[in-house]
Amino acid sequence: MFKSFFLDKRWFLWSILGSALILYVTWYKVELDVEINEWFGSFYNLIQQALATPNSVTFEEYLASCLTFLKIATIYITVAVVLDFFIRHYVFRWRTAMNDYYTSHWSKIRHIEGASQRVQEDTMRFAGIVETLGVAFMRSLMTLVAFLPILWELSKNVTELPWIGPVEHSLVYIAIISALFGTVLLAIVGIKLPGLEFKNQKVEAAYRKELVYGEDYEGRAQPETLKELFANVRKNYFNLYKHYLYFDIAKWSYLQGTVIVPYIALGPTIISGVITLGVLQQIVRAFGKVEESFQFLVNSWKTIVELMSIHKRLKAFEQEIDLAIEAEKSATTD
């Protein structure tokens, strides 16, 4: 899954240099996020000034501030589009590397149930998911590095917390506690999902295999057989839906609940009027970025479950290949 792409000299430009380029551009996007956060502070302060004192801000000043955002946003959009285009090619090269490796050992793995589907589909999904999760994880780390010091500094403006009182750098601690709570909650609630996803792919593979045989042999894929196989598919899907139901309840309840957390924490500070609207916006956005970074597992759990299932299937491939190679070596030695 990895050595065919990252340890093969043929793919050096894509695997090593391509990965480095993706990480660098991702960091640049985070820096643009920081610029946008700073812009929000000055822009909302300008709005507050204009609303508090009529005609104290000219339309030219207001428009100039809007154009500043447009400039940053244009760069961000351009970078995001180019990066996504490059990533699509990157993922296909990774899939190609895995495809070449598995097909070169096809005689050793063709007997595994659903082998054709794994080579054709799982390689594509694995490369795409690993890349997506990898970039998301690195972006979370980079966002944390960029915004944690900002939130740490902005937390000095928070006079006290409700029911607790003054706490230095309080918003940083609240973001960490909130994210840890959500991560542990969903890890517990979704503990059965990886196994169910793996089982789901097994029954799908059995059903697909019978249909493929039915294309070439008249005696295969009879209605009774297909009905039984599809019943297994339906049973597993319905079981999966049941478990995702309470998982989604926990996930969305948590994510929606955290939206209001910074505003509650800032309640005494807002009521006392010691910060401006611009600073409030900076704090809320910085808090959201830091909390979102800590919530990587929360937001990616469903994708991680899918990846674990695919990895388990492809790992079976590689184990069969390794065993066959060892057997060939032993036979040659004897």
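Residues numbered from 1 in each chain as written. Predicted model: local features only at pLDDT ≥ 70, side-chain atom pairs only at ≥ 80, totals over all residues. Heavy atoms only, no water.

Before going further, it helps to spend a moment on the overall build of the protein. The secondary structure content of the protein amounts to 12 helices and zero strands. When the elements of the protein are put in sequence order from the N terminus, they spell out α-α-α-α-α-α-α-α-α-α-α-α. A globule of 334 residues ought to have a C-alpha radius of gyration of about 20 Å, yet the protein, at 26 Å, is considerably larger. Counting only C-alpha atoms, the protein reaches 85 × 45 × 40 Å along its principal axes. Going through the 334 residues of the protein one by one, you find that 44% of them count as buried. Taking all contacts inside the protein whose residues are at least 6 apart in sequence as the whole, residues at least 24 apart take part in 82%. Of the roughly 19000 Å² of accessible surface on the protein, 64% is carried by carbon and sulfur atoms. Here the protein carries 32 positive and 34 negative side-chain charges, and the mean point of each set is 5 Å from the other. (Helix = DSSP H or I, 4+ residues; strand = E, 2+ residues; numbered from the N terminus. Rg over C-alpha atoms; globule rule 2.2 N^0.38 Å. Buried < 20%, exposed > 50% of the residue type's maximum accessible area, 1.4 Å probe, protein only. Contact = heavy atoms within 4.5 Å. Areas by Shrake-Rupley, 256 points an atom, 1.4 Å probe, with all protein chains shown as cover. Lys, Arg positive; Asp, Glu negative; His and termini not counted. Charge placed at Lys NZ, Arg CZ, Asp CG, Glu CD.)

Its boundaries defined by the atoms lining it, the second largest pocket holds a volume of some 270 Å³. Lining the second largest pocket we find 15 residues, and of these Ala136, Arg139, Ser140, Glu292 and Asn299 sit closest to its centre. Those elements giving two or more residues to the lining of the second largest pocket turn out to be helix H5 (115–154), helix H11 (277–294) and helix H12 (296–333). If you tally residues by element for the lining of the second largest pocket, the top one is H5, at six residues. (1 Å grid on protein atoms, 1.4 Å probe; cavity = no way out; pocket = protein on both sides within 12 Å on 5 of 7 lines; lining within 4 Å. Points joined across faces, edges and corners; volume = space filled by probe spheres on them.)

This brings us to the environment of Ala146. Among the secondary structure elements, Ala146 is positioned in helix H5. Note on Ala146: relative accessible area 12%, which makes it buried. Along the backbone, Ala146 and Val290 are 144 residues apart, and their C-alpha atoms lie at a distance of 9.0 Å. In contact with Ala146, other than residues within four places in its own chain, are Trp27, Val30, Glu31 and Val34.

Take helix H6 (residues 170–189) next. Each turn of an α-helix holds 3.6 residues, which means side chains three or four residues apart point in the same direction. Between its terminal C-alpha atoms H6 stretches 29 Å, which fits the 28 Å expected from 20 residues at 1.5 Å a residue. Restricting attention to buried positions, one finds in H6 the residues Ser170, Leu171, Val172, Ile174, Ala175, Ser178, Ala179, Gly182, Thr183, Leu186 and Val189. (Expected span 1.5 Å × (residues − 1).)

One finds Trp94, Tyr102 and Phe126 to be the most contacted residues of the largest nonpolar core, which totals 28 residues. Mapped onto this core, the elements with two or more residues apiece are helix H2 (12–52), helix H3 (59–104), H5 and H12. No other element matches the 10 residues that H3 contributes to this core. (Core = buried A, V, L, I, M, F, W, Y, C linked by side-chain atoms within 4.5 Å.)

A separate point is a nonpolar patch on the surface. Together, Trp152, Trp163, Ile164, Val167, Tyr173, Ile177, Ile260, Tyr263, Ile264 and Ile270 line one region of the surface with nonpolar side chains, adding up to about 1100 Å² of accessible area. Only H6 and helix H9 (261–265) provide two or more residues apiece to the nonpolar patch. Turning to its location among the elements, Ile264 is positioned in helix H9. Classification of Ile264 by relative accessible area gives partly exposed; the value is 42%. (Patch = residues over 30% accessible without salt bridge, like charges linked within 9 Å, V, L, I, M, F, W, Y side chains within 5 Å. Salt bridge = Lys/Arg side-chain N within 4 Å of Asp/Glu carboxyl O.)

With respect to the element layout, Asn236 can be found in helix H8 (residues 223–259). Asn236 has contacts with Leu196, Lys199, Asn200 and Val203, leaving out every residue within four places of it along the chain.

What follows concerns the packing of aromatic side chains. Inspection of the entire model under this criterion finds 12 aromatic pairs. Ring plane angle 85 degrees and centroid distance 6.4 Å describe the contact between Tyr90 and Trp94, whose orientation is recorded as edge-to-face. Separated by four residues within a single helix, Tyr90 and Trp94 lie in helix H3, roughly one turn from each other. With respect to burial, Tyr90 and Trp94 carry one shared label: buried. Ring geometry for Phe181 versus Tyr254: centroids 6.2 Å apart, planes at 50 degrees, classification tilted. Pair noted here: Phe181 is in helix H6 and Tyr254 is in helix H8, with a separation of 73 residues, a long-range link. Judged by relative accessible area, Phe181 falls into the exposed class, the value being 52%. Residue classification places Tyr254 among the buried residues on the basis of a relative accessible area of 7%. Members of the aromatic cluster, joined through ring pairs, are Phe5, Trp11, Tyr90 and Trp94. One residue, Lys251, lies across the ring of Trp252, its end atom 5.1 Å from the ring centre. (Phe/Tyr/Trp six-rings, centres within 6.5 Å; stacked < 30°, edge-to-face > 60°. Lys NZ or Arg CZ within 6 Å of the ring centre and 35° of its normal.)

Attention shifts here to the UniProt feature "transmembrane region" (unreviewed entry) in the protein. Residues annotated by UniProt as "transmembrane region" (unreviewed entry) correspond here to residues 12–30, 62–87, 126–151 and 171–191. Across residues 12–30 one finds 100% helix and 0% strand; the C-alpha atoms that close the span lie 26 Å apart. (UniProt positions renumbered as here; feature names shortened; annotations may be inferred.)

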